[in-house]
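Structural description and commentary
The primary structure of each chain is shown beneath.
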Amino acid sequence: MAIEDCDPEDQPWMRALKRHMDQGQLDAFGAQGEACGWCAQPIRLRGVVVEGRGSSKRLRLSTTQLPDGVVLKACGSRRETICPSCAAIYRGDARHLVRAGLVGGKGMSEDVATRPMVLLTLTAPSFGAVHNTRAGKAPCNPGPPKRRCRHGRPTACFARHGDRDPCVGRALCADCYDFRAAVLHNACAPELWRRTSVYLPRALARVVGVTQPELAAKVKLSFVKVAEFQRRGVVHLHVLVRADALCDTGIEVTPDDLSLAAMIAARQVRVAHPIGTARWGEQTDVRPLDLGGTGGKKIATYIAKYVTKSTDTSGVLDRKIRDEDDLATRLERLDPHTAAMLEAAWRLGGDPAFARLHLRRHAHGLGYGGHRVSKSPSWSTTFAELARARFEWREARRVQRQGEGTTIESRLRPVGVGWANRGEALWAHYRRKSRAEERAAGWLVATMEGWAA
């Protein structure tokens, strides 16, 4: 069957594969794709790799022998909307980082699971009524059905929205909703957390009845924090806090003590900005953790799933806004609520009164300029250590194949980004989906075998 007789959607990738087949490099192209995880935007490198030392150096690899004369390297993006393949690696690292501080491993002792720990969820306050979902079990915003806001719009909504309903997170009345305050809360969230982390040990000292120096000498608080964008475009934080005893005769701290101190600290913190004050919302929640069974693994997975989420789900806000023309282009591609948040961040950023918040620099984050995931040094391992462990594992496999003493020197330079054509990009997309389905099937089989056992 000729390619022209196939489905038009399949023709681009079929032509791309045929091109490599005609050149006798189809297997090499597939190997390159597998090596970079079928990255959505691989970096294209050209040059040579040599091995050996001094006069014994010899050519190990020349990219002239590879498809299109390049070697493909994964982009390493952390954003799901930019590259799902690379984001999955980052999400896995985040899960290991969180879990090691919960139940041990990766250089952490397993006795961390017995230490007092809480999960603190720091939410944003309300900036106006928005459509929400309660899994379709209750009305969105019940209230007097005939009541109207000052703009003539209903103040209640009796629909039962599903999670995929596009109106979830949008304001019932865009004119009533305070988009400026929402953006400023996002901008102040990093400072809110910094002050919360300062107030927390002070509050704990009062709760357990000791002075702050006495507490600091015997108890150390460790944390890991992950920022999540809610559907309404504001940030809230998931924070795991652990109390570590520094000596055998340390002060006794219970999970309830830690919970009370966390709530006190969250209620006290305030950050002033040019038009008001930022604070945590009323729905701030703190829960003591029970890490028995698979608890630590479940919590780590729950926390890690947020680290690769973008500000929006379409990828429009994955990169910084360059200028007014770029802003106008992005606004056209966003839903009205997110567009209003973006425009508010950009307009406020042009006002000298808000210069210290750098709102234009962080407009693509709807004002939020903090890290998606951060931790105290004592919580657990680091992303750098996890990356180094992967490198050492690959190096150990190379030494196993080639023997000790072999030195590899790379002389590669970047010459571009992305696949050679649309057909290759489509094929990479299909392969990523296939790999994800295979992993899901493997997890299901393993889970069923576990149940059977």
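Relevant structure appears above.
The text that follows walks through the structure, step by step, so that each part is easy to find. The residue numbering used here restarts from 1 in each chain and proceeds along that chain's sequence as written. For this predicted model, a pLDDT threshold of at least 70 governs which residues receive local features, and a threshold of 80 or more governs which side-chain atom pairs are given and counted, while totals over whole chains, interfaces and linings are taken from all residues. For side-chain calculations, the full set of non-hydrogen atoms in the structure is used, while hydrogens and water are omitted.

A separate point is the nonpolar core. Grouped together as the largest cluster of nonpolar side chains are 65 residues, with contacts concentrated most on L122, L237, V239, W280, L342 and L359. At the level of elements, β4 (117-122), α4 (179-208), β5 (219-229), β6 (235-245), α6 (255-268), α8 (324-333) and α9 (336-349) are the ones that each hand at least two residues to this core. In this analysis, two residues are considered to be in contact whenever any of their non-hydrogen atoms come within 4.5 Å of each other. Residues within four places of L237 in sequence aside, it is in contact with L120, T121, L122, W193, K225, V226, A227, W280 and Y368. Counting 18 residues, the second-largest nonpolar core is a separate cluster that includes L119, A300, V373 and W379. Among buried residues, those of type Ala, Val, Leu, Ile, Met, Phe, Trp, Tyr and Cys that are joined through side-chain atoms within 4.5 Å constitute a nonpolar core. Buried, partly exposed and exposed residues are distinguished by accessible area as a fraction of the type maximum, computed with a 1.4 Å probe on protein chains only: under 20%, between the cut-offs, and over 50%, respectively. Comment: elements are numbered from the N terminus, with helices defined as DSSP H or I runs of at least four residues and strands as E runs of at least two.

This brings us to α4. For α4, spanning 30 residues, the distance from its first C-alpha to its last is 41 Å, which sits close to the expected 44 Å at 1.5 Å a residue. Residue C188 marks the point of greatest curvature in α4, where the axis turns by about 45 degrees; the proline P190 follows within four residues. Of the residues flanking the end of α4, it is G209, one or two places downstream, whose phi is positive at about 80 degrees. To estimate the expected span of a helix, subtract one from its residue number and multiply by 1.5 Å. What the bend at a residue measures is the angle between two axes, fitted to the seven residues ending there and to the seven starting there.

This part covers the pairing of strand β1 (residues 43-51). Paired strands are those between which DSSP finds at least two bridges. Pairing geometry for β1 and strand β3 (residues 71-73), over 3 bridges, is antiparallel. Across the sheet, I43 pairs through a bridge with K73, a residue of β3. The pairing of β1 with strand β11 (residues 408-417) spans 9 bridges and is antiparallel. Its bridge partner being in β11, G47 is matched across the sheet by L412. As paired strands, β1 and strand β2 (residues 58-62) are joined by 4 bridges and run antiparallel to one another. Residue pairing in the sheet places V48 in a bridge with S62 of β2.

Moving on: the side chain of H20. By secondary structure assignment, the location of H20 is in helix α1 (residues 11-22). Among residues more than four places away in sequence, those in contact with H20 are Q25, L26, F29, P67, D68 and E424.

Any functional reading would require information beyond the geometric quantities listed.
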